[in-house]
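Each chain is listed here by its residues.
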Amino acid sequence: MRPVILHQPTRYEQITRQLGLYILAPLLLILALPMAVHISQSPYLGMAVRNLTVASLQQGGPADTAHVRTGDRIIAVAGQPTPTMADYYLAMAGDYSLAPRQLVLSRGVGDLVVEIHPTRPPRARTVWSYSLWVAGLAFLMIGWWVLAQRQDAVARNFFALCMIFAFFLIDVPDYPSRTYLTGKEMLRDLLQLLWPVFFLRFFMLFPSAGARTTEDRRWQRWLLLPAVVLYGLTLLVHLAGPDPAESHLVTFVQLAALIYFVVYFLAGLVIFARKALRRDRRIQHTKMRVILIGLVGGLLPFLVAILFGSVERGAGIPHWEYLGFSLLLVPATLGLAIMRYGALDTAFVVRSSLIYGLLTLLVLLGYLVIVVVLGHYLTQTFQVSTYPLAIVIIAASSLAILPLRRGVQRWIDQALYPSRLASRAEITRLASDLAGEIDVDGAVETLLDRLGDLYRPVTLALLLANEAEGAPFVVTAARGKLPGEARQLTLPVGSSLARFLDWVRRPAFTEEFEDVVATGDADTASLTTLAALNTELLVPLVTGNRLSGFLSFGPKSSGVLYSQEDLANLRSLAVQAASLLESRRRYRESLARQQLETELSVAKEIQAQLLPEEPLQLAGLELTGRHHACRKVGGDYFDYFLLDADTVGFCIADVAGKGIPAALLMTTLRVSFRSTATAGVPPELVVQRLNRTANGLLKEGQFICFFYGTYSPASRVLSFCNAGMDPPLLFRGQQGFVEKLKKGGPVLGVQAGHRYRRGTLTLLPGDLVLFYTDGITEERNAAGDFFDLDRLVSLVMQNGEQPVGCLLDTIFAAVETFGGEERSDDKTVMLLSTKAL
């Protein structure tokens, strides 16, 4: 049976994704910005024109007052003939004055000239236009965010839909250029024909992220054929220039387009309904329900607003124009359903709505109180403009939004969701208790018993891989009613299930596995494992950048799905449990396998597994390091890893002491550090949290020197916090040594409440940053002299052009030659280079 290959984007898909992210979306955003002024300043004629025909009029508006009638055909504007809509837009574009507009109309068998006196848009029309503009920006930004986070076909089709809706809702202003207006009109025709294709393809794929065969991709491309043919006919109409009122070709194209729209739209709705009604696909059902809520809640008020906005004044509902903002629900719910893996339970949706609804209300209330009330007072008292105050409030809101959201979230959880806080607290206690378990069997028993009590799954199993290379995953422990053969299961590391878990590295439902991996191609071992364990939820355990095992949860005994809160808690626990189980298990297996080895040999093997094995290389960045212990184990530690797609986190530490005590402290520190250092958490906050942890672990007289930093090759900004480490050294090209990275605070474990500081600097291409522990500079020779900082700086400056791997060899060789065979302390060096790879 051939192995399942998870779908990787093709070169064409990668190029189109980059084009959308970095060219099309920013270009549309730039074109959308002038609309903020255009909406309120454009002259208002009080009529809608389609195909050069007056489609509707506002009763009592400028056009109605000038005796324009529905059905009139526009022949000329201000003396300029308008044979096409592009000519009409050209005649109207760029003129923001309220000067009278002279129009030549064809009515019946004759022509007449009317003079329309435009006004500024009325308040209701302005609010309505701004609501559509804001909704268009929401489509644009959410579509961009989804495509930036995901590379699959669902994200690409969703982005295309968002771009199309954003183009029509924002309605970029016209410029007095025939080429621009003709291009805009042709683009409008193209997008009108493309959106049914992306609408149908989106609902055909969603919610699956996954692997599509070549036949699938080819078949979906065929869906574009009607749009391509119709667009070709549309271009032919533009080139031939027939009168839309008389051309049979135009009538045929319009009828064919209408049939195409209806067929594709109904097909998409049928697919959506079938997926929403499938009760055997519970995750899919919850996502479809959220989308349905968003579509109904977003489109229904919008359609009501269109209806009441077109009736004569006084016949509609009050403030109908504000209903346009309901469109924001559509991209928001679609983005939520796409980006949130797992079941979108009602509690999660309601809680998120409460948080962001209350957050929006607080921001608007603050704006109302400060800008409106205070601004009115300042204007009346000191004749001061409120515009600078509004700008300050907007800037302050952007800075305060994150802490304000956390405060609102904490208050809502305490007031309405105390069980959420209790579950999180129980997970935190479980992680703490696991850290206190020395024996792997005790840790496993504690883990399964406590998780079983918390979630009440029908079945619960832990599968771990043996230490040997390529060894399969085996059922280490289980709870619940499992058949005897289930406890003897083995799952190969190359199975589709193992590869899926190593790919997602987060809690995932079996339904997601079925979506990503075609069932017909899935290996028998994966399907047998899922069926025998009655698995509903899988929680991968990843340590040392590899999948070391996973937890299999059966359905909850209550019948409810695992919530988003459950997934978040289990993901947090898995990060800590994986490292703890791995270190405890490796320790026991090493002792059993090497009984004649000393405890130092065993500890060294465990410690080596916790350090990076390979350099980390990105475009314009290379990180590598090396550790030599004075005994077989030591208290030095370094690490580097990806925080997100373009940000690297790295650290170097020196635990006071040597041997096994220092190594055990280092292991505990590493577990705490890897669970604390996550994307978005600044270095000084990570160090402060580690300091609190260290104060609870260290005895009197013990301490830990620690340095943590982050670096983004895109921005070239290095942020860091130094807690008592020997300052890393920055070497800059031909300038040599230029700076020490000192900013931070004292060593860990001395002052529990100390507030650490952050340092930042910008690296240039060719820069080199050297991180080292004091074992390098404090190495002594036979005469008692130190291999001091001056020797180290001179050595690096003389050999700075070497590749970082060779430079590491040079440094350690020089230190070992200087000190001889006797090693006085642990030695660790880490190098960060921005040379082009």
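Caption draft 1: A look at the overall build of the protein chain. Counting secondary structure elements, the protein chain contains 26 helices and 24 strands. Residue burial in the protein chain is summarised as follows: out of 837 residues, 46% are buried. Nonlocal contacts in the protein chain, meaning residues at least 24 apart in sequence, comprise 68% of its contacts between residues at least 6 apart. For the protein chain, the exposed area adds up to about 40500 Å²; of that, 60% sits on carbon and sulfur atoms.

Caption draft 2: Molecular detail of the nonpolar core. Judged by nonpolar contacts, the single largest core of 60 residues is most densely connected at Ile170, Phe202, Phe206, Ile291 and Ile338. At 14 residues, helix H6 (residues 153–170) tops the list of elements feeding residues into this core. Discounting chain neighbours no more than four positions away, the residues touching phenylalanine 202 are Val154, Asn157, Phe158, Leu161, Leu334 and Ile338. Residues Phe638, Met666, Cys705 and Phe706 belong to the second largest nonpolar core, which totals 49 residues.

Caption draft 3: Highlighting helix H7 (residues 178–205). Taking 1.5 Å per residue, 28 residues should reach 40 Å; H7 reaches 40 Å between its end C-alpha atoms and fits that length. Maximum bend of H7: about 30°, positioned at leucine 194, with proline proline 196 one to four residues after it.

Caption draft 4: Summary view of unusual backbone geometry. Positive phi, close to 55°, is recorded for alanine 78, a residue that is not glycine. In this structure, alanine 78 sits in the loop between strand S3 (73–77) and strand S4 (80–81). If you check the backbone angles, arginine 505 has positive phi at about 50° while not being a glycine. Mapped onto the fold, arginine 505 is located in the loop between helix H17 (496–504) and strand S10 (508–509).

Caption draft 5: Focus on the confidence of the model for the protein chain. The share of residues in the protein chain with pLDDT of 70 or more is 80%, and the mean pLDDT across the chain is 80. Taken together, the stretch residues 311–315 has pLDDT below 50 and engages in four contacts with residues farther than four places along the chain or on a different chain.

Caption draft 6: Summary view of the packing of helix H1 (residues 11–32) against helix H5 (residues 123–149). Where H1 contacts H5, the axes come no closer than 10 Å and their chain directions differ by 160°. One element, H1, and the other, H5, form an angle in the roughly antiparallel class. Once H1 is placed against H5, the crossing between them reads as left-handed. Packed against H1, whose contacting residues are Arg17, Leu21, Ala25, Leu28, Leu29 and Ala32, the element H5 presents Trp133, Leu137, Leu140, Trp144, Leu147, Ala148 and Gln149 at the interface. Of the residues in the contact of H1 with H5, the class split is eleven nonpolar, one polar and one charged.

Caption draft 7: Structural context of the pairing of strand S12 (residues 546–553). Across the eight residues of S12, seven count as buried, placing the element largely inside the fold. Here strand S11 (residues 537–543) pairs with S12 via seven bridges, running antiparallel. Residue pairing for S12: valine 539 is matched across the bridge by leucine 551.

Caption draft 8: Spatial organisation of the sheet that holds strand S24 (residues 827–833). Ordered by their spatial adjacency, six strands build an open sheet running S13-S14-S24-S23-S19-S20, and the pairing between neighbours is antiparallel. This sheet does not close on itself; its edge strands, each paired only once, are strand S13 (616–618) and strand S20 (736–740). Averaged over neighbouring strand pairs, the angle between their axes works out to 20° when direction is ignored. Relative to the sheet, helix H26 (residues 804–819) contacts strand S14 (621–628), strand S23 (767–772) and S24, its axis offset from that of S14 by approximately 25°.

How each quantity is defined
- Residues numbered from 1 in each chain as written.
- Predicted model: local features only at pLDDT ≥ 70, side-chain atom pairs only at ≥ 80, totals over all residues.
- Heavy atoms only, no water.
- Helix = DSSP H or I, 4+ residues; strand = E, 2+ residues; numbered from the N terminus.
- Buried < 20%, exposed > 50% of the residue type's maximum accessible area, 1.4 Å probe, protein only.
- Contact = heavy atoms within 4.5 Å.
- Areas by Shrake-Rupley, 256 points an atom, 1.4 Å probe, with all protein chains shown as cover.
- Core = buried A, V, L, I, M, F, W, Y, C linked by side-chain atoms within 4.5 Å.
- Expected span 1.5 Å × (residues − 1).
- Bend = angle between axes of the 7 residues up to and from the residue.
- pLDDT = per-residue confidence, 0-100.
- Axes fitted to C-alpha atoms, helices over the stretch in contact; angles between N-to-C directions.
- Parallel < 35°, antiparallel > 145°, perpendicular 65-115°, else oblique.
- Left-handed = near helix turned anticlockwise from the far one by under 90°.
- Nonpolar A, V, L, I, M, F, W, Y, C, P; charged D, E, K, R; others polar.
- Pairing = 2+ DSSP bridges.

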